[in-house]
Amino acid sequence: MNVDTLIRRSPKAKPMFGGFRRFNRHDLKTSVVVQDEEGWEIPLDSVNLSPTGMFVESDFLFEVGDRHILIFEAPDSGAWIRVEAKVIRVDSGEVDTRVSPPESMPSGMAYEFEAIEDASWSELCRILEA
C-alpha cells in the first residue's frame, strides 16, 4: 500500500435523499407524549407524520436506536393514538443548504413506527387521508 494514499473517512457532501421517501410526509402540529419503558414522559411537539413514522421537534435529543412509545391525539376526532417507535435520525437544527434558498431545519428526532394497535392504525390512516 502506498503510504501517500489518503483514505477519506467521511463524504465531502451530505447525501440527498429527497424524492426517495416511501411515503409522503403530512404536516401535523400536535402535542406528543414520548414515554420510555420505565414510564417517564416528556411532552414534545410533532412536525410531520407519515404511515411509517413521525418527526418530533425537540432541543433535547435522544440517541438513534432508542425506543419509545408516542402518544398523541388525532386532530378533529380526539381519538388517542399510541404507537411504539424507534429513533432513526437525529437532527441538530442546522440550516439545510442543499435547497435554494437555504431552509432552517428544526432540531428533533425522526421516529419509525414499530408496533401499533388496530384502532390506532385506523385512526392514523384516517388522519393521513384528510
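Values in this document were obtained by computation on a predicted structure and should not be read as measured data.

Colleague: Go over the pattern of salt bridges, please, and point to the residues and values.
Modeller: Side chains that differ in sign of charge can pair as their charged atoms come close. For the coordinates displayed, the defined rule picks out 3 salt bridges. Arg67 serves as the salt-bridge partner of Glu114, at 2.9 Å between the closest nitrogen and oxygen. Here the residue Glu114 occupies a position in strand 9 (residues 107–116), and Arg67 occupies one in strand 5 (residues 67–73), the gap between them amounting to 47 residues. By relative accessible area, Glu114 is classed as partly exposed at 38%. We note a salt bridge from Glu123 to Arg126, for which the minimum N-O separation is 2.6 Å. Residue Glu123 and its partner Arg126 are located together in helix 1 (residues 118–129), separated by 3 residues, close to a single helical turn. Exposure remark for Glu123: the relative accessible area of 13% places this residue in the buried category. Assessed through its relative accessible area of 30%, Arg126 is described here as partly exposed.

Colleague: So what about the packing of aromatic side chains? Which residues, and what values?
Modeller: The geometry of two aromatic rings is summed up by the distance between their centres and the angle between their planes. For the structure shown, the criterion picks out 2 aromatic pairs. Measuring from ring centre to ring centre gives 5.8 Å for Trp40 and Phe62, while their planes differ by 20°; the resulting arrangement is stacked. Taken as a pair, Trp40 in the loop between strand 2 (31–35) and strand 3 (41–50) and Phe62 in the loop between strand 4 (53–57) and strand 5 lie far apart in primary sequence, 22 residues in all. With a relative accessible area of 36%, Trp40 lands in the partly exposed category. The buried category is assigned to Phe62, whose relative accessible area is 8%.

Criteria and thresholds
Residues numbered from 1 in each chain as written. Predicted model: local features only at pLDDT ≥ 70, side-chain atom pairs only at ≥ 80, totals over all residues. Heavy atoms only, no water. Salt bridge = Lys/Arg side-chain N within 4 Å of Asp/Glu carboxyl O. Helix = DSSP H or I, 4+ residues; strand = E, 2+ residues; numbered from the N terminus. Buried < 20%, exposed > 50% of the residue type's maximum accessible area, 1.4 Å probe, protein only. Phe/Tyr/Trp six-rings, centres within 6.5 Å; stacked < 30°, edge-to-face > 60°.

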